[in-house]
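Chain residues, written in single-letter form:
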Amino acid sequence: MDYETTDTPNPFSNSPSPVPTPISRPTSPNLPLPPSSVASPSPARSHARKSSSLISAASGSPPPTHRASFPDPSKLPKSGLTIGGPKAKEGYCCERDKEIALGEEVHIVDAFKTTEGGKASYITYVIRLGSNTTRRRYSAFLSLHQALTGLYPVLIIPPIPSKQSLTDYAVKGQSKAKEDATVIARRKRLLEDFLRRLVRHPILGGEHVLHRFLEDGVSWSEVLHSPPISLLPKNPLHAPSHNPTFQPSSPTSPSDSTTSSTSYIAHHLLPTPSPNHPLRHPDQRFLDSEVFTEKFQNHFSGTMEKVNRRMTKRWGERAQDLNELGAVWNGYSLVEQGKLGLAIEKVGQAVDAEYLATAALLQAWERSTTEPLHIYSQFAALIRQRLSFRHQKQVQYELVQDALEAQKDKLEVLENAEREARRLEEALERGGQGLVAPPPPSEEDRERAARAKARAAGQGFGLLSAVKHSLSGMMDVDPEATRRANIGKTRDNISQLEDSLQASAQDLKYASTTLQADLDRFQRQKVADLKQMTIQLAKVHREWCRQNLEAWQAAQTAIREIDSHPNKPPASALPAGPSTLDEGMSLEGMRAEIDRVEAANVPLPVPGGDEGLVVVAKGKGKGKEEGQGEVTSTDAAATSGEGPLGPL
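Residues numbered from 1 in each chain as written. Predicted model: local features only at pLDDT ≥ 70, side-chain atom pairs only at ≥ 80, totals over all residues. Heavy atoms only, no water.

In the nomenclature of an unreviewed UniProt entry, the chain corresponds to Sorting nexin-41 from the organism Kwoniella newhampshirensis. Taken directly from UniProt, the Sequence similarities (unreviewed entry) text for the chain runs: "Belongs to the sorting nexin family." Taken directly from UniProt, the Subcellular location (unreviewed entry) text for the chain runs: "Endosome membrane". (UniProt positions renumbered as here; feature names shortened; annotations may be inferred.)

Below, the structure is given as structure tokens:
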């Protein structure tokens, strides 16, 4: 299948049309676009993919045929307060963006030890994208991952390797250079996989912070201390999901200033719920995703990685045994001469070849299976964090909704009391005319009052609120003014809660839409990666078998050249009949002959002995009594007519 010319639907766009569209990606509103970024893109850009940008073991899924943008949060929902999101850009923001869009692969071509910029030594990695190269250390990769996690709280950011192994590198010195080279090579592969997954992501690949990371001559420290990273909030739950760096600064008009300030306050007034807070109306799609992700993480981290480590450990022990065994065989081949010595040497060489093939198998196993398993174990943990963030966003929405309903009930009670007080005042001013008893509260009023009381008690301050209300009533010199102030304060609270509810609803809908789209993309990528992993593992074992087969066939050929056993006559000199013990007599015949000889029980003659010497041969028959199994030489001579020295 040609991924270069096939148009696939974009999961992040609202329209299902598969027709490629110009670049429309979110950027920070604080990052000005260069003049070249507003130019219209080339019409052939969606088809100008290089063959190197197809599916690979490192990146998994094919590159997108066109770039996508975030869903527009100003349209979700259509009524009420709208929160301005980042403006979409058109064209390319820089040369790195253009190279990524055209399918250039990113590689880490080298890693070496240096002390540049400080006294302590560290490892720097040389990154190449197209014709551009730059050098970054591991801490820069880590800060890039943290920055992207903050900028995109509802996207699945690819994982990076842990820093434990490389932390020990500074204290190991030169004594374990071989082990360090292995660790650095593994780290280099995992960091390259991290960058490849970023540039292939339909949204992360267009982030200008990533482009600055890949650009030579850019101070990464300055990037970290400048917008948009410097505008990230301490708590992402108090910022818009679609634009965490949103700030009510530099408005274009007074109306924009009022709207942006209101939006900023609305998000900062949102509560900070616990990740374990239950939901009243959970979304079944994300419940299923949480259950599946937990099973996926337990299976990969607790089962597959454990068994894989045990298998590779045993293969490594077997390789060491083969190494020792090959040395023993090769040493013994120096003792023997001729064809036998050559055959023993070939056997030792076959064992050595198996050792080398096993070592190569373990290295390929590490790259094709062990590392992808570890990456997807990390992916599972990251997905659970994203699902937890979306869960907290829904909890925020439900908590704000409950608080708004409570304030509305409180306002209604206060307004009813105000209306009743005014009615009494008007009746007293008229001299008591029309003063009648207030109608009894309806069932709806009683339920509303009970519900408001239950909400207040559910917050854990029911008794304290009641005591405070009683004390305020006793100390209040002007209850009417207090009541009217409470009405005004409650209305202000309702207005703020409505803004917060609107902002929370937008955040929840955007987080659900974007996270679900990214989960679908990740599922397709996971299928491609696991398929590639199993194919590579089968190829690795097949190559191991092929190398061993060739080595042992060469040893077999040398063994067949050895001469036959010297005590065994050639096959041409053997008689045709079955007269020899080796070929002519079967196992049953041998047993019958042995039984016949034992049953004869004949004493052996003793040459050169005295006539009176008696040779005793004890019979083995079970039915004989004691003394019956002894036969003397005199009796034997009398019986057979022969003397002890032969015939008479």
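Moving on, there is more to tell.
Once that is clear, we can look at the overall build of the chain. Of regular secondary structure, the chain possesses 15 helices and 7 strands. The buried share among the 648 residues of the chain stands at 35%. Long-range pairs, those at least 24 residues apart, make up 76% of the contacts in the chain with a sequence separation of at least 6. Accessible surface for the chain amounts to roughly 37600 Å². Of this, 56% is attributable to carbon and sulfur atoms. (Helix = DSSP H or I, 4+ residues; strand = E, 2+ residues; numbered from the N terminus. Buried < 20%, exposed > 50% of the residue type's maximum accessible area, 1.4 Å probe, protein only. Contact = heavy atoms within 4.5 Å. Areas by Shrake-Rupley, 256 points an atom, 1.4 Å probe, with all protein chains shown as cover.)

Tallied over the full model, the rule gives 22 salt bridges. Taking the shortest distance from any N to any O, the salt bridge between Arg197 and Asp529 comes out at 3.0 Å. Of this pair, Arg197 sits in helix α5 (residues 177-200) while Asp529 is found in helix α13 (residues 479-560), placing the two residues 332 residues apart along the sequence. Neither Arg197 nor Asp529 differs from the other in exposure class; each is buried. A salt bridge links Glu550 to Arg546, with the nearest nitrogen and oxygen atoms 2.8 Å apart. Note that Glu550 and Arg546 are positioned in helix α13 at a spacing of 4 residues, about one turn of the helix. Each of Glu105, Glu192, Arg196 and Arg200 takes part in one network of salt bridges that share partners. (Salt bridge = Lys/Arg side-chain N within 4 Å of Asp/Glu carboxyl O.)

Structurally, the position occupied by Leu287 is in helix α9 (residues 284-333). The spatial distance from the C-alpha of Leu287 to the C-alpha of Leu387 is 9.1 Å, given a sequence separation of 100 residues.

Look at helix α10 (residues 338-429): 135 Å from first C-alpha to last across 92 residues, which is about the 136 Å you get at 1.5 Å a residue. Roughly 45° is the biggest bend found in α10, and it falls at Glu366. (Expected span 1.5 Å × (residues − 1). Bend = angle between axes of the 7 residues up to and from the residue.)

The subject of this paragraph is the nonpolar core. Counting 35 residues, the largest nonpolar core has Phe141, Leu144, Leu195, Phe213 and Leu214 as the members making the most contacts within it. When contributions to this core are tallied by element, the ones reaching two or more residues are β3 (106-114), β4 (122-129), α2 (138-151), α5, α6 (208-213) and α7 (220-224). Here this core gets 7 residues from one element, more than from any other, and that element is α2. Here Leu214 is in contact with Arg96, Ile100, Val106, Ile127, Leu129, Asn132, Thr134, Leu195 and Val199, once residues within four sequence places are set aside. Judged by nonpolar contacts, the second largest core, of 16 residues, contains Leu373, Ala380, Ile383 and Phe522. (Core = buried A, V, L, I, M, F, W, Y, C linked by side-chain atoms within 4.5 Å.)

Here we take up the packing of aromatic side chains. All chains considered together, the criterion is met by 11 aromatic pairs. Where Phe292 meets Phe296, the ring centres are 6.3 Å apart and the plane angle is 20°; that geometry is what we call stacked. One end of the pair, Phe292, and the other, Phe296, are both in helix α9, 4 residues apart, so they sit about a helical turn from each other. Given a relative accessible area of 47%, Phe292 falls into the partly exposed group. Phe296 gets classed as buried once you look at its relative accessible area, which sits at 10%. Aromatic side chains Trp315 and Trp544 sit 5.2 Å apart centroid to centroid with 85° between the ring planes, which places their arrangement in the edge-to-face category. Remark: Trp544 occurs in helix α13 and Trp315 occurs in helix α9; sequence separation between them is 229 residues. The ring of Phe213 carries the charged tip of Arg136 above its face, separated from the ring centre by 5.4 Å. (Phe/Tyr/Trp six-rings, centres within 6.5 Å; stacked < 30°, edge-to-face > 60°. Lys NZ or Arg CZ within 6 Å of the ring centre and 35° of its normal.)

A separate point is the packing of α10 against α13. Two elements in contact, α10 and α13, have axes whose closest approach is 7 Å; the angle formed by their N-to-C orientations is 170°. Considered as vectors, α10 and α13 are oriented roughly antiparallel to each other. In terms of residue class, the contact of α10 with α13 is made up of 42 nonpolar, 18 polar and 18 charged. (Axes fitted to C-alpha atoms, helices over the stretch in contact; angles between N-to-C directions. Parallel < 35°, antiparallel > 145°, perpendicular 65-115°, else oblique. Nonpolar A, V, L, I, M, F, W, Y, C, P; charged D, E, K, R; others polar.)

What follows is about the sheet that holds strand β5 (residues 132-137). In sheet architecture, strand pairing relies on hydrogen bonds along the backbone and comes in two forms, parallel and antiparallel. If you trace the 3 strands from one edge of the open sheet to the other, you get β3-β4-β5, paired in antiparallel fashion. Unpaired on one side and paired on the other, β3 and β5 mark the two borders of the sheet. Here the strands of the sheet are splayed against their neighbours by 25° on average, with no regard to which way each runs. Taken together, the 8 bridges between β3 and β4 define a ladder with antiparallel strand orientation. Bridge pairing in β4 places Ala111 opposite Tyr125. (Pairing = 2+ DSSP bridges.)

The subject of this paragraph is the confidence of the model for the chain. Scored by pLDDT, the chain comes out at a mean of 75, with 64% of its residues at no less than 70. Below pLDDT 50 for its whole length, residues 1-86 participates in 196 contacts with residues either more than four positions away or in separate chains. Long-range and interchain partners of residues 459-464, a stretch whose pLDDT sits below 50, account for 3 contacts in this model, where long-range means more than four residues apart. (pLDDT = per-residue confidence, 0-100.)

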